[in-house]
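So you can see what is in the structure, the chains are spelled out below.
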Amino acid sequence: MKKLLILTLVILIAIFQFPENSSAARPSYPWNSDQPYPILSYQTRHHIIPLDELVKYGTQTYTTQPLLTDFLLSYENIKNVNLGEYKSIQELIKAYLEKKPPAVETMNGLFGWVQGNLVVGPQNRAWDPGNAFDDVAFQCRQNIYYDTRYTDLKNRWEKPATPATKRDVFELLSTTKMSGIETATKCLW
């Protein structure tokens, strides 16, 4: 039993010791819980495009100081973001490029929780797509807050015509406000 406990601790330490593994843990919502608006205790934010895909794309694409700066400065609601222990975006970027675990975790949260990708719905729902495109959340968003820029979003993300197509989708999601809270009650989840 003691050996099993020690082995478990060693594995956990190894997972969190290396920055490239820090995305294995689900990144936290990078704002206070009331941002951009408070949701009720029985509601939650649902991702249209899976969080893991967004984190993977962000970490593979935004690899330099200029790219990260442009991304963060154009980010919806950036003035209200929780930067953790970092006092500024530039301090966060510097630490992220140095692969410091707290900065990697914060950036993974920013990549994964782009607000244009989030739809408020019930905490418990009959069917959850897991790590697949959430067609229900997407349709809900479009039914309540129709946006022509979201037309064919799934295909543009999953089968991009060019690498620029996927980047356009990611940047659309990062620069767009989260849809309003009405999606939680006006859609069939």
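The rules behind these values
Residues numbered from 1 in each chain as written. Predicted model: local features only at pLDDT ≥ 70, side-chain atom pairs only at ≥ 80, totals over all residues. Heavy atoms only, no water. Helix = DSSP H or I, 4+ residues; strand = E, 2+ residues; numbered from the N terminus. Buried < 20%, exposed > 50% of the residue type's maximum accessible area, 1.4 Å probe, protein only. Areas by Shrake-Rupley, 256 points an atom, 1.4 Å probe, with all protein chains shown as cover. 1 Å grid on protein atoms, 1.4 Å probe; cavity = no way out; pocket = protein on both sides within 12 Å on 5 of 7 lines; lining within 4 Å. Points joined across faces, edges and corners; volume = space filled by probe spheres on them. Nonpolar A, V, L, I, M, F, W, Y, C, P; charged D, E, K, R; others polar. Core = buried A, V, L, I, M, F, W, Y, C linked by side-chain atoms within 4.5 Å. Contact = heavy atoms within 4.5 Å. Polar contact = N/O pair within 3.5 Å; in protein donor to acceptor, adjacent residues only side chain to side chain. Pairing = 2+ DSSP bridges. Disulfide = S-S within 2.5 Å.

(A) Broad picture of the overall build of the chain. Helices and strands together make up the secondary structure of the chain, namely nine helices and two strands. In the chain, the succession of helices and strands from N to C terminus is α-β-α-α-α-α-β-α-α-α-α. Residue burial in the chain is summarised as follows: out of 189 residues, 44% are buried. With an accessible surface of roughly 10500 Å², the chain has 57% of that area assigned to carbon and sulfur atoms.

(B) Local environment of the layout of surface pockets. Within this model, the second largest pocket holds a volume of roughly 220 Å³. Arg 26, His 47, Leu 51, Asp 128 and Gly 130 are, among the 16 residues lining the second largest pocket, the residues nearest its centre. Those elements that place two or more of their residues in the lining of the second largest pocket are β1 (43-47) and α2 (51-61). Residues of the lining of the second largest pocket, tallied by class, amount to six nonpolar, four polar and six charged.

(C) Broad picture of the nonpolar core. If you look at the biggest cluster of nonpolar residues, it comprises 48 residues, and the most contacted ones within it are Phe 71, Leu 72, Leu 92, Met 107, Phe 111, Leu 153 and Phe 170. Those elements that provide at least two residues to this core are α2, α3 (65-74), α4 (89-97), α5 (101-112), β2 (118-122), α6 (135-144), α7 (153-158) and α8 (163-175). Not counting residues within four places of it along the chain, the set of residues in contact with Phe 170 comprises Leu 54, Tyr 57, Gly 58, Tyr 62, Phe 71, Phe 111, Val 114 and Trp 157.

(D) Main features of the side chain of Ser 179. Along the chain, Ser 179 falls in the loop between α8 and α9 (183-186). The residues touching Ser 179, leaving out its near neighbours within four places in the chain, are Tyr 37, Leu 118, Val 119, Arg 141 and Tyr 145.

(E) Region of the structure containing the side chain of Asn 77. Mapped onto the secondary structure, Asn 77 falls in the loop between α3 and α4. Of the polar contacts made by the side chain of Asn 77, one reaches the side chain of Asn 80; its length is 2.7 Å. Beyond its immediate sequence surroundings of up to four residues, Asn 77 is in contact with Trp 31, Gln 35, Pro 36 and Gln 115.

(F) Quick look at unusual backbone geometry. Residue Pro 36 follows Gln 35 across a cis peptide bond; omega there is 0 degrees. Along the chain, Pro 36 falls in the loop between α1 (2-17) and β1. Non-glycine residue Asp 152 carries a positive phi angle of around 60 degrees. Mapped onto the elements, Asp 152 comes out in the loop between α6 and α7. For Asp 152, a relative accessible area of 44% corresponds to the partly exposed category.

(G) Inspection of the pairing of β2 at higher detail. β2 sits mainly inside the fold: five of its five residues count as buried. Here β1 pairs with β2 via five bridges, running antiparallel. Of the residues in β2, the one forming a bridge with His 46 is Val 119.

(H) Geometry of the environment of Ile 144. Tracing the backbone shows Ile 144 in helix α6. By relative accessible area, which is 27% here, Ile 144 ends up partly exposed. As for Ile 144 and Lys 186, which are separated by 42 residues in sequence, their C-alpha atoms are 7.7 Å apart. Setting aside anything within four residues of it in sequence, one finds Ile 144 in contact with Glu 182, Thr 183, Lys 186 and Cys 187.

(I) Quick look at the state of the cysteines. Considering all chains together, one arrives at one disulfide under this definition. The disulfide partner of Cys 140 is Cys 187, and the S-S distance across this bridge is 1.9 Å. A torsion of 85 degrees about the S-S bond marks the disulfide between Cys 140 and Cys 187 as right-handed. Pair noted here: Cys 140 is in helix α6 and Cys 187 is in the segment after α9, with a separation of 47 residues, a long-range link.

Shape is all these values report; function is a separate question.
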